[in-house]
Amino acid sequence: MSLTITAPSVTASTLLDLNYGTVSVLMAWVYEYAITFDEEVAFLKKSKWNFVKIFYLVCRYLPFLLVAANTSRFLQPGLSLKACQSYFQFNSFASAIVIICAERKRTPGPFTPSAKY
């Protein structure tokens, strides 16, 4: 008795719908960036350069590049192994940087109210 396992069939229209969904979410995100960009620039011009501002910019704009790269990868069928590896390396690096920046907690200093002396 042999056990045969077959992969589920995915139609071309299902993949096309998935790509349309991905592109539509990306466009909604681009729209949100576009309508708030002038306010963001004005706010960032007023603030001095420090680690918080750098972390904000990384967390705000690196995911945009990450999603754009992933969308580009999804919309290009038949990529070579080398191209897939490059996308994977960028995805891993950018995701790690975003997570580190987003989850970084400020270490309490001696003048922080929650610091223990």
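This text goes with the structure placed above it.
This structure is a prediction, so every number in the text was calculated from the model and none was measured.

What follows concerns the environment of Y33. Following the sequence through the fold, Y33 ends up in helix α1 (residues 12-46). In this structure, the C-alpha to C-alpha distance between Y33 and R60, residues 27 residues apart in sequence, is 9.4 Å. Residues within four places of Y33 in sequence aside, it is in contact with R60, Y61 and F64.

What follows covers a nonpolar patch on the surface. Together, W49, F51 and I54 make up an exposed nonpolar region whose accessible area comes to about 400 Å². By secondary structure assignment, the location of F51 is in helix α2 (residues 51-74).

Mapped onto the elements of the fold, E40 is located in helix α1. On the accessibility criterion, E40 (7% relative accessible area) is buried. Within the local environment of E40, its side chain forms a polar contact with the side chain of R60, the two groups lying 3.1 Å apart. Those residues within four positions of E40 in sequence are excluded, and the remaining contacts are Y56, R60 and Y61.

Moving on, we come to helix α3 (residues 81-103). Helix length check: α3, at 23 residues, gives a terminal C-alpha distance of 32 Å against a target of 33 Å (1.5 Å per residue), a fit within 8%. Those residues of α3 that fall on the buried side of the exposure criterion are Y87, A94, V98 and C101. The inward-facing, buried residues of α3 contact α2.

It is worth spelling out the pattern of salt bridges at this point. Taken as a whole and judged by the stated rule, the model has 2 salt bridges. Linking R60 and E32 is a salt bridge whose minimum nitrogen-to-oxygen distance equals 3.6 Å. Here E32 lies in helix α1 and R60 lies in helix α2, a separation of 28 residues in the sequence. Residue classification places R60 among the buried positions, given a relative accessible area of 16%. A salt bridge links R60 to E40; the nearest nitrogen and oxygen atoms lie 3.1 Å apart. With R60 in helix α2 and E40 in helix α1, the pair connects residues that are 20 residues apart, well separated along the chain. One network of salt bridges, in which partners are shared, links E32, E40 and R60.

Quick look at the packing of aromatic side chains now. In this description, a pair of aromatic rings is defined by centroid distance and the angle of the planes. Per the counting criterion, the structure on display carries 4 aromatic pairs. With a centroid separation of 5.5 Å and an interplanar angle of 75 degrees, the aromatic rings of W29 and Y33 are classed as edge-to-face. A residue pair is termed a helical-turn pair when its members lie 3 or 4 positions apart in one helix, as W29 and Y33 do in helix α1 at 4 residues. Following the ring pairs from residue to residue traces out a cluster consisting of W29, Y33, Y61 and F64. Positioned above the aromatic ring of W49, the side-chain terminus of K53 is 4.2 Å from the ring centre.

Parameters and conventions
Residues numbered from 1 in each chain as written. Predicted model: local features only at pLDDT ≥ 70, side-chain atom pairs only at ≥ 80, totals over all residues. Heavy atoms only, no water. Helix = DSSP H or I, 4+ residues; strand = E, 2+ residues; numbered from the N terminus. Contact = heavy atoms within 4.5 Å. Patch = residues over 30% accessible without salt bridge, like charges linked within 9 Å, V, L, I, M, F, W, Y side chains within 5 Å. Areas by Shrake-Rupley, 256 points an atom, 1.4 Å probe, with all protein chains shown as cover. Salt bridge = Lys/Arg side-chain N within 4 Å of Asp/Glu carboxyl O. Buried < 20%, exposed > 50% of the residue type's maximum accessible area, 1.4 Å probe, protein only. Polar contact = N/O pair within 3.5 Å; in protein donor to acceptor, adjacent residues only side chain to side chain. Expected span 1.5 Å × (residues − 1). Phe/Tyr/Trp six-rings, centres within 6.5 Å; stacked < 30°, edge-to-face > 60°. Lys NZ or Arg CZ within 6 Å of the ring centre and 35° of its normal.

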